[in-house]
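A closer look at the structure
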Amino acid sequence: MVHAADPSAADWPAPVAEGPVDAAVRLPGSKSLTNRALLLAGVADGPSVVRRALRSRDTELMAAALRALGHDVDSAGDDWVVRPAGAGAAPARDAVDCGLAGTVMRFVPPVAALASGRVGFDGDPHMRTRPIGTLLDALRDLGVALEGGPTLPFVVAGRGSVPGGRVVLDASASSQFVSALLLAGATYDAGVDVVHEGPPVPSLPHLEMTVAMLREHGVDVADPATSGEPDRWRVAPGPVRALDRAIEPDLSNAAPFLALAAATGGRVLVRDWPRTTTQPGDRLREILPLMGAGCELTDEGLVVTGPDELVGLDVDLRDVGELTPVVAALCALASSPSVLRGVAHIRGHETDRITALATELGGLGADVTEREDGLELRPAPLHGGRFRTYADHRMAHAAVVVGAVVPGVEVEDVATTAKTFPGFADVWSGLW
Ligand SMILES: O=C(O)C1=C[C@@H](OP(=O)(O)O)[C@@H](O)[C@H](O)C1
Ligand SMILES: C=C(OP(=O)(O)O)C(=O)O
């Protein structure tokens, strides 16, 4: 069973660090890598293995979605095995629960169109507000029959195959619109030729992740880096080779742990940090030093050491929007002003993260102003209080970072972190 977090659970007092924290942590696998790996395994030409898969609400929802499409997913151990049903298989059930997982709501419908039968999609109440209409229009343009929209719920009427071809869309609200089309593209009759027109696409590392993983499956992809054509991605039709792959630790979920070192002037090691990766969390190695922290990639992992004085920063986070909550928490603790810009799209994340951060950090005394595309923060004395999380795992991460140095922060529904990291609160409170 896949459960939403329990909204009636008691608030959680964030553990306070009396001094610099010295800790080491090994993190669960990446949500973004796991859900791409599972989806690609579902359209592959044979059984695939996903080693060290993340087991969390979002990935269990992806596994359940694949089962709903008729694929066999054995997720009993750490290494998950996916046996695809083959093109044109009839869906085993007619409903996919997207929960609050953008990767499920965006990545699964293009693949559901390959089934022979109707597949319904719905999710948590807030999921009915997250953007998807642009992707549904693009799928219609590619020859997919759809009912409903422009938000959840909707139905994909699978016909066993999809014509595919060229499509123009505005993906400024979410990179996942493009990733979704590319991940399914090789299975469409004519492949896909996806052109973005509009304000910049956010989260570009996630698109690089999509392209890299497709190539690992033997798929022929032309992207802006190889073709020199900005905002255009082409996927040739052809087989998606089955693969045995291992999942890297989730570097975005490393953010609160590394921020703990920065906030307390301590030292935190995140083990097994990959030397090369497409994960946006790797950019923490650039962002944290801008705030005065030391960052060293060692054979053991990434070591962050906190500065004597945490300073503010002026930074464009468009590529790494999911890091905004934790970066904002650090900015609220900094001794000089900060501007976080380029993240208008995170208003469409698990919650409107710009308003949520302004409200909740402000509630703890932070001097914070909302911008249309981000936040401005100025130094101010913080105090304890209740920090609402709005079913957003990364709001909980922001809360515990502030709570580590400001006594009396009560985190609402810390269990919401199970979206990408079950047991987060236990790991966090065991650090010091
Ligand atoms: O493709 C992915 O795995 C993701 C892409 C990003 O979405 P947006 O482009 O909507 O920000 C990111 O924020 C999300 O957490 C995961
Ligand atoms: C935006 C996020 O998730 P999703 O995959 O649901 O879009 C996130 O994890 O920060």
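First, a word on scope: everything that follows refers to the structure included in this document. Just so it is clear, the structure is predicted and the values come from calculations on it, not from any experiment.

Reading the values: the criteria
Residues numbered from 1 in each chain as written. Chains lettered and ligands numbered in written order. Predicted model: local features only at pLDDT ≥ 70, side-chain atom pairs only at ≥ 80, totals over all residues. Heavy atoms only, no water. Near = heavy atom within 4 Å. Polar contact = N/O pair within 3.5 Å; in protein donor to acceptor, adjacent residues only side chain to side chain. Areas by Shrake-Rupley, 256 points an atom, 1.4 Å probe, with all protein chains shown as cover. Helix = DSSP H or I, 4+ residues; strand = E, 2+ residues; numbered from the N terminus. Nonpolar A, V, L, I, M, F, W, Y, C, P; charged D, E, K, R; others polar. Domains from an automatic or database assignment. Phe/Tyr/Trp six-rings, centres within 6.5 Å; stacked < 30°, edge-to-face > 60°. Buried < 20%, exposed > 50% of the residue type's maximum accessible area, 1.4 Å probe, protein only. Pairing = 2+ DSSP bridges. Axes fitted to C-alpha atoms, helices over the stretch in contact; angles between N-to-C directions. Contact = heavy atoms within 4.5 Å.

Describing the site of ligand 2
Residues in close proximity to ligand 2 total 14 residues, the closest being Lys31, Gly102, Arg130, Arg394 and Lys419. For ligand 2, an oxygen atom lies 3.3 Å from a polar atom in the backbone of Leu100. A distance of 2.7 Å is found between an oxygen atom of ligand 2 and a side-chain nitrogen or oxygen belonging to Arg130. Within the complex, 97% of the 300 Å² of free accessible area of ligand 2 lies under protein. Every element with two or more residues in the shell around ligand 2 is listed here: α3 (102-112) and α12 (393-405). Its residues placed into classes, the shell around ligand 2 shows two nonpolar, five polar and seven charged. Residue contributions to the shell around ligand 2 reach at least three from each of two domains, namely domain 1 (12-29 + 249-429) and domain 2 (31-246).

Topic: the site of ligand 1
Around ligand 1, 13 residues are found, and the nearest of them are Ser32, Arg36, Ser174, Ser175 and Glu322. At a separation of 3.0 Å, an oxygen atom of ligand 1 approaches a polar side-chain atom of Lys31. In this structure, an oxygen atom belonging to ligand 1 sits 2.6 Å away from a side-chain N or O atom of Ser175. Contributions of two or more residues to the shell around ligand 1 are made by α1 (31-42) and α3. Across the shell around ligand 1, the residue classes break down as one nonpolar, nine polar and three charged. Two domains each put at least three residues into the shell around ligand 1: domain 1 (12-29 + 249-429) and domain 2 (31-246).

Overview of the packing of aromatic side chains
Two descriptors summarise a pair of aromatic rings, namely the distance from one centre to the other and the angle between the planes of the rings. Per the counting criterion, the structure on display carries seven aromatic pairs. Ring plane angle 75° and centroid distance 5.5 Å describe the contact between Phe421 and Phe424, whose orientation is recorded as edge-to-face. Note on Phe424 and Trp428: the rings are 5.7 Å apart at their centroids and 25° apart in plane angle, and the pair reads as stacked. Note that Phe424 and Trp428 are positioned in helix α13 (residues 424-429) at a spacing of four residues, about one turn of the helix. Exposure class is identical for Phe424 and Trp428. Each is buried. Through pairs of rings, three or more aromatic residues link up here, namely Phe257, Phe421, Phe424, Trp428 and Trp432.

Side note on the sheet that holds strand β9 (residues 154-159)
Strand order in this open sheet of four strands is β6-β7-β9-β8, and the pairing throughout is mixed. Of all the strands in the sheet, the pair left with one neighbour each is β6 (95-97) and β8 (145-148). Each strand axis lies, on average, 25° off the axis of its neighbour in the sheet, ignoring direction. As paired strands, strand β7 (residues 116-122) and β9 are joined by six bridges and run antiparallel to one another. Paired with Phe121 across the strands is Phe154, a residue of β9. Strands in contact with α3 are β6, β7 and β9; relative to β9, the strand with the most contacts, it is inclined by about 30°.

Quick notes on the sheet that holds strand β16 (residues 294-297)
Taken together, four strands build an open sheet; the order of strands is β2-β15-β17-β16 and the sheet is mixed. The open sheet is flanked by β2 (22-25) and β16, the only strands paired with a single partner. Strand-to-strand twist across the sheet, computed as the mean angle between neighbouring axes with direction ignored, equals 15°. Two elements, strand β15 (residues 267-271) and strand β17 (residues 301-305), share five bridges in a ladder whose sense is antiparallel. From the neighbouring strand, Arg271 faces β17, where its bridge partner is Gly301. Helix-sheet contacts for helix α8 (residues 255-264) involve β2, β15 and β17, and the interaxial angle to β15 is about 160°.

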